[in-house]
Amino acid sequence: MAAEEPNPDELEIADELIAERRAEAPGETPEDMTAWQRPITAIIDVVNYRAGQIFALLMIPLIAVVVYEVVSRNSFSILQNAGLEDLARSLNLGPTLWVYDMSRMIAGVLFMGAAGYGLMRGVHIRADFLYRNWTDKTQATVDASLYLLFFMPSMIFFTIVSSDFWWLAFSRGETMQIDSAWGPLLWPARLAMPVGGFLLMLQGIPEIFRAFHKMGKDRERLFVRALPVYLVLLAWLILAIFTPDLVPGGEWFTDIMKARPSLDKPTIGLIMLAAMLFVIFIGFPISFTLIFLAFVFGIWGANFKLTTLLMTLNTNSTMLNDQLMAVPLFVLMGIVMEAAGLMERLFASIQMIMARVRGSLFIAVLIVSTIFAAATGIVGASVTLLGIMAGATMSRSGYNVQLAAGTITAGGTLGILIPPSIMLIVMGPVLEVSTLDLFRGAFIPGALLASLYLLYTLGRCWINPSLGPILSDEDQPVTSKFYGAEVALICLGVLTLCRVFGLGLGGTFGAIVPFGGLIVLALACGVAYAAYRSLAILRIVVPIALAFHVYMIFANLGADGSLPVWSIIFAVFNGLLVFLARPIYSAKAEDNFRFSDLWDEFFAGLMPPTILISFALGSILLGLATPAEAAAMGAFGAILLSIGYRKFTIPSFFDSLIKALEITVLIMFLVAASNFFGAQFSALGTPKMLTELLLGLDMSPYIILILVMALIFLLGWPLEWVPIVLIVVPILLPTVEALSLHGLDRYDMMVWFGILVAVNLQTAWLSPPVALSAYFLKGVVPNWDLKDIYLGMMQFMLVQLIGLILLLIFPQLVLWLPRVMGG
């Protein structure tokens, strides 16, 4: 019996990191849960659920204020260049002082306030490499113990300390001064810290009760009997720390906390690192583990006052980080585009266009995955959606399962690397480099890997045609007798419009007339559409397009009269397209030539998302907008596309907001926790000690870098990219900074290293047996054997290793574009 195809609407594909999203409705509790625990669990669940819904709505004003800033600033610039500055000022256009600070505060409140909602929905990440192999009772016992020992004390500490931090800002009327021209009051944004901490601490109670229920009545009775003693000890600990004069033994405890350890600080840091790895691999949520361990070892290695100061300052800086503000907006853009069904339409059209080519479905998968990667940056969504779209068709068409599975999973992992990658946004502050330069640096490696995938699949199909046979007659589209000329003309038109778009984005036409880039692009699109509909106009436009490309050759002449190689290749390629299109000038074309109907579907699927992504990415790469601004414009554009495709409804949009909130809370809360852990770890001096140890070894710097890459690769098996980027990379960073490679300065070294880490983690995503991509694909194509999926992934893992080696040997593949575009 054929396996039933999964329904995409029933799949949770918002993010690969959310492995245990809670299925039951908020407030729903098991009937056999202990009676007195059920109402408490239900009430707290509903409180955090409603809080999450409210905080999710903050994305709407966040998008609105950033879009207003971008439109206002660029409109002023255009009118000013046109000599209409007075008109711009009368319309109150121009850069604002308030949007930058307001947007940062909204984004910070968004993730911090909804942290309790994230725990209620089960979205906080855990490394369950060992945890998932235990019985339900063992899992529940460990969960309950760690919630009681780690979670509740750390969240209570966090709430109390952040309340003091907020009260200082409120009572003193503190304003944002260091990096702000507006200088707003800080206390409204800081209020999210104690509120979020309290809601998170409150949600810990239902989580403990759920663990009690899961472990069985016998074990639950033991825990319940111990609860009064636990509560007394917890109350004493809190009072002894914050009001030592009021409780017996408080001064004694204070003296213990002030006592200097017999071990040196770097050694304490090593113990801290070992404890972190041990507890994380047990399977407790990573964020809370980091917060608790940073508290304990910070107090041991330094003192309570310094530890709490580091915690509040790092959480506050994460909330107000302008680069991380792009995370929820790019996530929302991808989710809205996926919900609108744009990728399915694009895949179907490319499949039809390439129907006469061997391996056409491989081509379609890789093209769609590249575009979808630029739209979402989320591996789980890409692999799942590609599996739904292509899996059944590939099986029906007789495609090799291993090569098909490898193409889908490898294409899906491009979301890690191709801008606007969420991982690169998070990595920028960690490496202390511009996210913009990471985006620019990832562009060529992303294109390189996609090209290597394409060459590998088509090469295999050329050697062995049975791997990717031409589609059957029943799946072939109806086309005209001039299909080859059609393809050549479409390619010529798309390349010409892309060149006009690039010139407009670079400001070539804006210097001639206000909004010149948009006007010229609109005119070019109008002419292209007229040529698409009329053979007579087409015959006139084709030589004009060729003349335009020839003219651009001379426009790119260097000062010494030299021509860029890429310009010559581009012109020759366009000339070849015109040559292939020559049949339209024959007499037979008068009555027989027409563009096939499949091109209408192709452009309907391709152009809207491509234009949206091009504007968002192009504005970032050219430095016309910050990543956060481009993300807001992209999210706004995705909403408009959803409306245009008649897929927009208020419930579906609200669902997209909720999904984006869950991913944002997952990532951003872990960013805040790991920043606190990392600051405490660095304060102990352990990274410096490890760096000196490694550099003291008699090894080449290249060998040390390869060892670092090997460690990241191995950790990429059991861990997600988030803890690796936020925990492991900062630990290794001092060692990498001290290496002298290829004559690079510190900044270029960090950009190069960041892209190497991204490609490395991409490779780890394809490495059995832990690679989650295999399980995503197996879930939506159940008739494919997991062994075949693994074997297919390993082929592309080797292809990806070739790409990684090329980047190691030739760092200019990463650094050329940031240097050229950065001047």
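Residues numbered from 1 in each chain as written. Predicted model: local features only at pLDDT ≥ 70, side-chain atom pairs only at ≥ 80, totals over all residues. Heavy atoms only, no water.

**Student:** How would you summarise the state of the cysteines if you had to cite specific residues and measurements?
**Tutor:** Following the criterion strictly, the structure yields zero disulfides and no others. Left without a disulfide partner, Cys-491 is nearest to the cysteine sulfur of Cys-498, which lies 11 Å away. The thiol of Cys-525 is unpaired, and the distance to the nearest cysteine sulfur, on Cys-498, comes to 9.9 Å. (Disulfide = S-S within 2.5 Å.)

**Student:** Report on the environment of Lys-588, specifying residues and quantitative values.
**Tutor:** Along the chain, Lys-588 falls in the loop between α24 (565–580) and α25 (589–592). When the C-alpha positions of Lys-588 and Ala-410 are compared, they lie 45 Å apart, and in sequence the two are 178 residues distant. (Helix = DSSP H or I, 4+ residues; strand = E, 2+ residues; numbered from the N terminus.)

**Student:** Mind laying out the pattern of salt bridges, listing which residues take part and the relevant values?
**Tutor:** One pass over the structure, following the stated rule, counts 17 salt bridges. Arg-121 is paired through a salt bridge with Glu-662; the nearest N and O atoms lie 3.3 Å apart. With a gap of 541 residues between them, Arg-121 in the loop between α5 (115–120) and α6 (136–172) and Glu-662 in helix α28 (residues 650–683) connect regions that are remote in the sequence. For Glu-662, a relative accessible area of 2% puts it in the buried group. Overlapping salt bridges bring together Asp-45, Glu-207 and Arg-210 as one network. (Salt bridge = Lys/Arg side-chain N within 4 Å of Asp/Glu carboxyl O. Buried < 20%, exposed > 50% of the residue type's maximum accessible area, 1.4 Å probe, protein only.)

**Student:** How would you explain the packing of helix α19 (residues 422–431) against helix α31 (residues 721–738) if you had to name every residue and give the values?
**Tutor:** Any two packed helices are characterised by how steeply their axes cross, that is the angle between the axes, and by the distance between the axes. Contact pair α19 / α31: the axes reach a minimum separation of 10 Å and the direction vectors enclose 25°. By the criterion of interaxial angle, the relationship of α19 to α31 is roughly parallel. Every pair of crossing elements has a handedness; the one defined by α19 and α31 is right-handed. Here α19 contributes Ile-422, Met-423, Val-426, Met-427, Val-430 and Leu-431 to the contact with α31, which in turn contributes Trp-721, Val-725, Leu-726, Val-729, Pro-730 and Leu-733. (Axes fitted to C-alpha atoms, helices over the stretch in contact; angles between N-to-C directions. Parallel < 35°, antiparallel > 145°, perpendicular 65-115°, else oblique. Left-handed = near helix turned anticlockwise from the far one by under 90°. Contact = heavy atoms within 4.5 Å.)

**Student:** I'd like a description of a nonpolar patch on the surface, backed by residues and values.
**Tutor:** Residues Leu-697, Met-699, Ile-703, Ile-706 and Leu-707 make up a contiguous nonpolar surface patch of about 410 Å² in total accessible area. With respect to the element layout, Met-699 can be found in the loop between α29 (686–696) and α30 (701–715). (Patch = residues over 30% accessible without salt bridge, like charges linked within 9 Å, V, L, I, M, F, W, Y side chains within 5 Å. Areas by Shrake-Rupley, 256 points an atom, 1.4 Å probe, with all protein chains shown as cover.)

**Student:** Tell me about the nonpolar core, and please be specific about residues and values.
**Tutor:** Core analysis: the biggest nonpolar cluster contains 262 residues, and Met-394, Val-426 and Phe-753 have the highest contact counts within it. Those residues within four positions of Met-394 in sequence are excluded, and the remaining contacts are Leu-361, Phe-362, Val-365, Tyr-399, Ala-404, Ile-408 and Trp-784. Grouped together as the second largest cluster of nonpolar side chains are six residues, Val-500, Phe-501, Leu-503 and Phe-509 included. (Core = buried A, V, L, I, M, F, W, Y, C linked by side-chain atoms within 4.5 Å.)

**Student:** Break down the packing of helix α11 (residues 265–282) against α28 for me, with residues and values.
**Tutor:** Between α11 and α28, whose axes approach to 9 Å, the crossing angle comes to 150°. In this view, α11 runs roughly antiparallel relative to α28, as classed from their interaxial angle. Here the hand of the crossing between α11 and α28 comes out left-handed. Between α11 and α28, the residues in contact are Gly-269, Met-272, Leu-273 and Met-276 and Phe-677, Gln-680 and Phe-681, respectively. Of the residues belonging to the contact of α11 with α28, the class tally is five nonpolar, two polar and no charged. (Nonpolar A, V, L, I, M, F, W, Y, C, P; charged D, E, K, R; others polar.)

**Student:** Which residues make up α11, and what values go with them?
**Tutor:** With 18 residues, α11 extends 26 Å between its outermost C-alpha atoms, agreeing within 8% with the 26 Å of an ideal straight helix rising 1.5 Å per residue. The secondary structure elements touched by the buried residues of α11 are α6, α12 (286–301), α28, α29 and α31. Two residues or fewer past α11, Gly-283 is found with a positive phi of approximately 120°. (Expected span 1.5 Å × (residues − 1).)

**Student:** Residues and numbers for the packing of aromatic side chains, please.
**Tutor:** In this structure the tally under the stated criterion is 26 aromatic pairs. Aromatic rings pair up to connect Trp-36, Phe-209, Phe-212 and Phe-223 into one cluster. In this structure, Arg-190 packs its charged tip against the face of Phe-165, placed 4.0 Å from the ring centre. For the cation-ring pair, Arg-582 lies above Phe-579, with the distance from its terminal atom to the ring centre recorded as 4.2 Å. (Phe/Tyr/Trp six-rings, centres within 6.5 Å; stacked < 30°, edge-to-face > 60°. Lys NZ or Arg CZ within 6 Å of the ring centre and 35° of its normal.)

**Student:** Would you mind going over unusual backbone geometry in detail, with residue names and values included?
**Tutor:** Phi is positive for Asn-92, close to 60°, though the residue is something other than glycine. Within the element layout of this structure, Asn-92 appears in the loop between α3 (85–90) and α4 (98–113). Positioned with a positive phi, Arg-646 is a non-glycine residue whose angle comes to about 60°. Inspection of the secondary structure assignment puts Arg-646 in the loop between α27 (627–644) and α28. We classify Arg-646 as exposed; its relative accessible area is 80%.

**Student:** Describe the side chain of Ser-154, with residues and values.
**Tutor:** Within the fold, Ser-154 resides in helix α6. Among the polar contacts made by the side chain of Ser-154, one reaches the main-chain carbonyl oxygen of Phe-151 at a distance of 3.0 Å. Not counting the four nearest positions on each side in its chain, Ser-154 is found in contact with Phe-288, Ile-291, Phe-292 and Phe-295. (Polar contact = N/O pair within 3.5 Å; in protein donor to acceptor, adjacent residues only side chain to side chain.)

**Student:** Which residues make up α6, and what values go with them?
**Tutor:** For α6, with 37 residues, the first-to-last C-alpha span of 51 Å sits near the 54 Å given by 1.5 Å per residue. Within α6, the axis deviates most sharply at Tyr-147, by approximately 40°. (Bend = angle between axes of the 7 residues up to and from the residue.)

**Student:** Provide a residue-level description of the confidence of the model for the protein, including the pertinent values.
**Tutor:** The predicted model of the protein has a mean per-residue pLDDT of 83, with 91% of residues at 70 or higher. Of the regions scoring below 50 in pLDDT, residues 1–19 engages in 41 contacts with residues more than four places distant in sequence or in other chains. (pLDDT = per-residue confidence, 0-100.)

**Student:** Describe the environment of Thr-393, and please don't skip the residues or the numbers.
**Tutor:** On the secondary structure map, Thr-393 appears in helix α17 (residues 379–396). The sequence separation of Thr-393 and Ser-262 amounts to 131 residues, and the corresponding C-alpha distance is 66 Å. In contact with Thr-393, other than residues within four places in its own chain, are Gln-351 and Leu-361.

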